[in-house]
Amino acid sequence: MKLLKAKTFSYRETLTDELAPRAVHREGRWLALTILCLGSLMIVLDTTIVNVALPSIRVSLGFSQTSLAWVVNAYLLTFGGFLLLGGRLGDLFGHRRLFLIGITLFSLASLACGLATTQGFLITARGIQGLGGAIVSAVALSLVMNLFPEPAERAKAMGVYGFVSAGGGSLGVLLGGVLTDLLNWHWIFLVNIPIGVIVFALSLMLLPTTRGSAATGRLDVAGAVTVTASLVLAVYAIVNGNEVGWTSSQTLGLLGGAVALLVLFLAIEARISSPLIPLGLFRRRNVATANLVGVLWVASMFAYFFLSALYLQLVLGYSPLQVGLAFLPTNLIMAAFSLGLSAKLVMRFGIRLPLAMGLLLTTVGLGLFARAPVNGNFVVDVLPSMILLGFGAGIAFNPMLLAAMSDVAPTESGLASGVVNTAFMMGGALGLAILASLAASRTDSLLASGDSHLAALNGGYHAAFLVGALFAVLAAVLSGTFLRATSTVAPDNVESAAALAEAVIGD
């Protein structure tokens, strides 16, 4: 503990003393990055870890098939609805302070979820989890960007953060299967408690205290209320679209209300002096393009996370633990490429080419899943897709985040982080709803034409995988066409950046 305190003291000194030893400065920043990644991993895990445990939760608490969806939807609603507000609050009141608040909320809500014995208690706790997760996700990326202002080290740090964000979903499926099989569903939530305590304690020591602009700025209350309400209504409509019908009065009414609130929000932002979201942010080509690409890419990746798990479990008959282990190759590949090759590619080629290449690999991986047969073999029919998707995500996530955060001043980094996370969230929710609806419709059609249950189920997944592949290839075209071909390295620093990039691979 004394050694840790000494490191913390040296690190804080270097934040204000440019003459402090560079090695100590760098060491402190990487320790801080580790804590941020661990906190982010908690949040990302909870978007997928619960899915494998849903059947056990249903039996334990007596959920119906309809009400069970709210174990997931309650989290998605508050997470998607409060990302923008969380990012802006971080800019105003300090990213470190909001990170600590978010971790505390998430950890306490995880404890409540793990101890839940009734449906209402679990659903309420999941909603609070989503609120805490939104705050952490909105400010963690800002802290990473501010900790690593140098282009070369930022590329490496974003590779690490990108791996955690991209790989956390797959790891959630694996961990959910292990904990549910070996212990019980309560532990998918309780495992967050010791992690949250550790993250909170080390954040107090390692994260730099940042001053927000609360003294000079003010919160745009009207904008915050309208955009948050708009996002909540939109997410609610999307996640319930399959159940109540996409053309039902409820779905159309909610989507209409979300659009009306969004228009009102834009009108407010155009008129006030201190807007929640300066509309000029979207006039920056890389920021606007990266967010649109992010929506499409995450929509395609949800086809992978959820539909491949369903294929393995319902068509091939895998157990929850086997499903989790099947995702292990993807996790390992993303680790290798996110932490090494992705940063090197960004340093060499900038953000446009690696992003497009990663998205094209994702397209091919999803396309291969679209031909997996009913009696598929893991090595022949599943593993090649897993490998390609691991390569694609590992290469693409780093330049995706860098593009979304490019050309943004430090005082707006929380806002930009909230915007890109909202784009990811909305892309995931909308993509999952569209693909699940398409799969169900295709399955019903095949059953009506006389196909067997497994063949019809698999045919539905094939259709959804193909559309997911179309999302990914469209994202690749947009990124290759509209992103500025900027490198993250200044021309006069090419040699030093290349040397550091080699060090990235060697670490």
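Residues numbered from 1 in each chain as written. Predicted model: local features only at pLDDT ≥ 70, side-chain atom pairs only at ≥ 80, totals over all residues. Heavy atoms only, no water.

Asks: I'm lost on the overall build of the chain in this one. Help?
Replies: Per the secondary structure count, the chain includes 21 helices and zero strands. Expressed as a percentage of its 507 residues, the buried residues of the chain come to 55%. Taking as baseline every contact in the chain between residues at least 6 positions apart, the subset at least 24 positions apart corresponds to 83%. (Helix = DSSP H or I, 4+ residues; strand = E, 2+ residues; numbered from the N terminus. Buried < 20%, exposed > 50% of the residue type's maximum accessible area, 1.4 Å probe, protein only. Contact = heavy atoms within 4.5 Å.)

Asks: I would appreciate a short explanation of helix α10 (residues 192-206) in the present structure.
Replies: Note on helix geometry: an α-helix contains 3.6 residues per turn, so any two residues three or four positions apart are oriented the same way. For α10, with 15 residues, the first-to-last C-alpha span of 20 Å sits near the 21 Å given by 1.5 Å per residue. Those residues of α10 not exposed but buried are N192, G196, V199, S203, M205 and L206. (Expected span 1.5 Å × (residues − 1).)

Asks: Please clarify how the packing of aromatic side chains should be interpreted in this entry.
Replies: The relation between two aromatic rings is expressed through the spacing of the ring centres and the mutual angle of the planes. Applying the stated criterion to the full structure yields three aromatic pairs. With a centroid separation of 6.3 Å and 85 degrees between ring planes, the pair formed by W185 and F189 is classed as edge-to-face. A residue is classified by how much of its surface remains accessible, and F189, at 0% relative accessible area, is buried. Each ring, one from F369 and one from F465, has its centre 5.0 Å from the other, and the planes form 10 degrees; the classification is stacked. (Phe/Tyr/Trp six-rings, centres within 6.5 Å; stacked < 30°, edge-to-face > 60°.)

Asks: Please explain the environment of V52 as it appears in this structure.
Replies: When you line up the elements, V52 lands in helix α3 (residues 49-61). Residue classification places V52 among the buried positions, given a relative accessible area of 10%. Placed 254 residues apart in sequence, V52 and F306 show a C-alpha to C-alpha distance of 9.9 Å.

Asks: What exactly am I supposed to notice about the pattern of salt bridges here?
Replies: If charged atoms from side chains of opposite charge come close, those side chains can pair. On inspection of all chains with the given rule, the structure shows one salt bridge. The partner of R371 in a salt bridge is D381, and the shortest N-O contact between them spans 2.9 Å. Taken as a pair, R371 in the loop between α17 (352-369) and α18 (378-405) and D381 in helix α18 lie far apart in primary sequence, ten residues in all. Under the relative-accessibility criterion, R371 is labelled partly exposed at 43%. A residue is classified by how much of its surface remains accessible, and D381, at 7% relative accessible area, is buried. (Salt bridge = Lys/Arg side-chain N within 4 Å of Asp/Glu carboxyl O.)

Asks: Looking at this structure, I do not really get the layout of surface pockets. What am I missing?
Replies: Empty space among the atoms becomes apparent when a probe as large as a water molecule is rolled across them. Volume-wise, the second largest pocket comes out at about 620 Å³. L84, L231, L262, T422 and M426 are the residues nearest the centre of the second largest pocket, which is lined by 25 residues in total. Every element with two or more residues in the lining of the second largest pocket is listed here: α11 (221-239), α13 (249-271), α14 (285-315) and α19 (413-448). Tallied by class, residues from the lining of the second largest pocket come to 21 nonpolar, four polar and no charged. (1 Å grid on protein atoms, 1.4 Å probe; cavity = no way out; pocket = protein on both sides within 12 Å on 5 of 7 lines; lining within 4 Å. Points joined across faces, edges and corners; volume = space filled by probe spheres on them. Nonpolar A, V, L, I, M, F, W, Y, C, P; charged D, E, K, R; others polar.)

Asks: Just checking my understanding: could you explain the side chain of S110 for this structure?
Replies: By secondary structure assignment, the location of S110 is in helix α6 (residues 95-115). Among the polar contacts listed, one links the side chain of S110 to the backbone oxygen of F106, at a separation of 2.8 Å. Among residues more than four places away in sequence, those in contact with S110 are Q129, F189, N192 and I193. (Polar contact = N/O pair within 3.5 Å; in protein donor to acceptor, adjacent residues only side chain to side chain.)

Asks: Just checking my understanding: could you explain the nonpolar core for this structure?
Replies: Most often, soluble globular proteins have nonpolar side chains that are buried together. Residues I57, F99, L122, W297, Y304 and L312 are the most contacted members of the largest nonpolar core, which totals 126 residues. Among the elements that make up this core, the one with the highest residue count is α14 (17 residues). (Core = buried A, V, L, I, M, F, W, Y, C linked by side-chain atoms within 4.5 Å.)

Asks: Can you help me understand the side chain of T330 in this one?
Replies: Within the element layout of this structure, T330 appears in helix α16 (residues 328-349). Note on T330: relative accessible area 1%, which makes it buried.

Asks: How should I be thinking about the packing of α17 against helix α20 (residues 453-482) in this particular structure?
Replies: A pair of packed helices can be characterised by two numbers: the angle between their axes and the separation between those axes. Orientation of α17 relative to α20, taken along the N-to-C sense of each, is 165 degrees, at an axis distance of 8 Å. Regarding the angle of α17 to α20, the classification is roughly antiparallel. Of the two possible hands of crossing, α17 and α20 adopt the one that is left-handed. Taking contact as the criterion, the partners of R352, L355, A356, L359, L360, T362, T363, L366, G367 and F369 in α17 are, on α20, H462, F465, G468, A469, A472, V473, A475, A476, S479 and G480. (Axes fitted to C-alpha atoms, helices over the stretch in contact; angles between N-to-C directions. Parallel < 35°, antiparallel > 145°, perpendicular 65-115°, else oblique. Left-handed = near helix turned anticlockwise from the far one by under 90°.)

Asks: I'm lost on the packing of α6 against α10 in this one. Help?
Replies: Following both chains from N to C, one finds α6 and α10 inclined at 160 degrees, their axes separated by 9 Å at the closest point. Taken together, the axis directions place α6 and α10 in an arrangement best described as roughly antiparallel. Note on packing geometry: the crossing formed by α6 with α10 is left-handed. Together, R96, F99, L100, I103, T104, F106, S107, S110 and L111 of α6 and N192, I193, G196, V199, F200, S203 and L204 of α10 make up the contact between the two elements.

Asks: Help me understand the environment of V346 in this model?
Replies: Inspection of the secondary structure assignment puts V346 in helix α16. Accessibility expressed as a relative area gives 0% for V346, which makes it buried. Spatially, the C-alpha atom of V346 lies 9.2 Å from that of I395, the residues being 49 residues apart in sequence.

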